[in-house]
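Coordinates in review
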Amino acid sequence: MSSAPAPEPREPKPRLVFDDPLDQQSSDDTDRGWGERSEPDTAGDLRRFLDEKPPHHL
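Now for a description of the structure that goes with this document. Quantities reported herein were computed from a predicted structural model and do not represent experimental measurements.

1. What to know about the overall build of the protein
Along its length, the protein carries one helix and zero strands. Taken over 58 residues, the protein has a buried fraction of 2%. Counting every atom, the protein has about 6,800 Å² of accessible surface; 53% of that belongs to carbon and sulfur.

2. Some thoughts on a nonpolar patch on the surface
Taken together, Leu46, Phe49 and Leu50 make up a surface patch of nonpolar side chains, about 320 Å² in accessible area. Mapped onto the elements, leucine 46 comes out in helix H1 (residues 42-52).

3. Section: the pattern of salt bridges
Any two side chains of opposite charge can pair, so long as their charged atoms come close to each other. Following the criterion strictly, the structure yields one salt bridge and no others. Ionic pairing is found between glutamate 52 and arginine 48, a salt bridge with its closest N-O pair at 3.2 Å. Taken together, the positions of glutamate 52 and arginine 48, both in helix H1 and four residues apart, correspond to about one turn of that helix. On the basis of relative accessible area, glutamate 52 is assigned to the exposed category, the value being 54%.

Reading the values: the criteria
Residues numbered from 1 in each chain as written. Predicted model: local features only at pLDDT ≥ 70, side-chain atom pairs only at ≥ 80, totals over all residues. Heavy atoms only, no water. Helix = DSSP H or I, 4+ residues; strand = E, 2+ residues; numbered from the N terminus. Buried < 20%, exposed > 50% of the residue type's maximum accessible area, 1.4 Å probe, protein only. Areas by Shrake-Rupley, 256 points an atom, 1.4 Å probe, with all protein chains shown as cover. Patch = residues over 30% accessible without salt bridge, like charges linked within 9 Å, V, L, I, M, F, W, Y side chains within 5 Å. Salt bridge = Lys/Arg side-chain N within 4 Å of Asp/Glu carboxyl O.

Shown next as structure tokens:
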């Protein structure tokens, strides 16, 4: 008698999801990456202000 090889476990098939995509928050909906800083840096803010000030504001 020959024995049949054991069946290999199959990966589950991807399923369709019918959720409303507008109900999910995207990365653009957060403040992260939009210049929000966790700690105030007053010396750095002044340095940045002076570095980015247009020449006609001197």
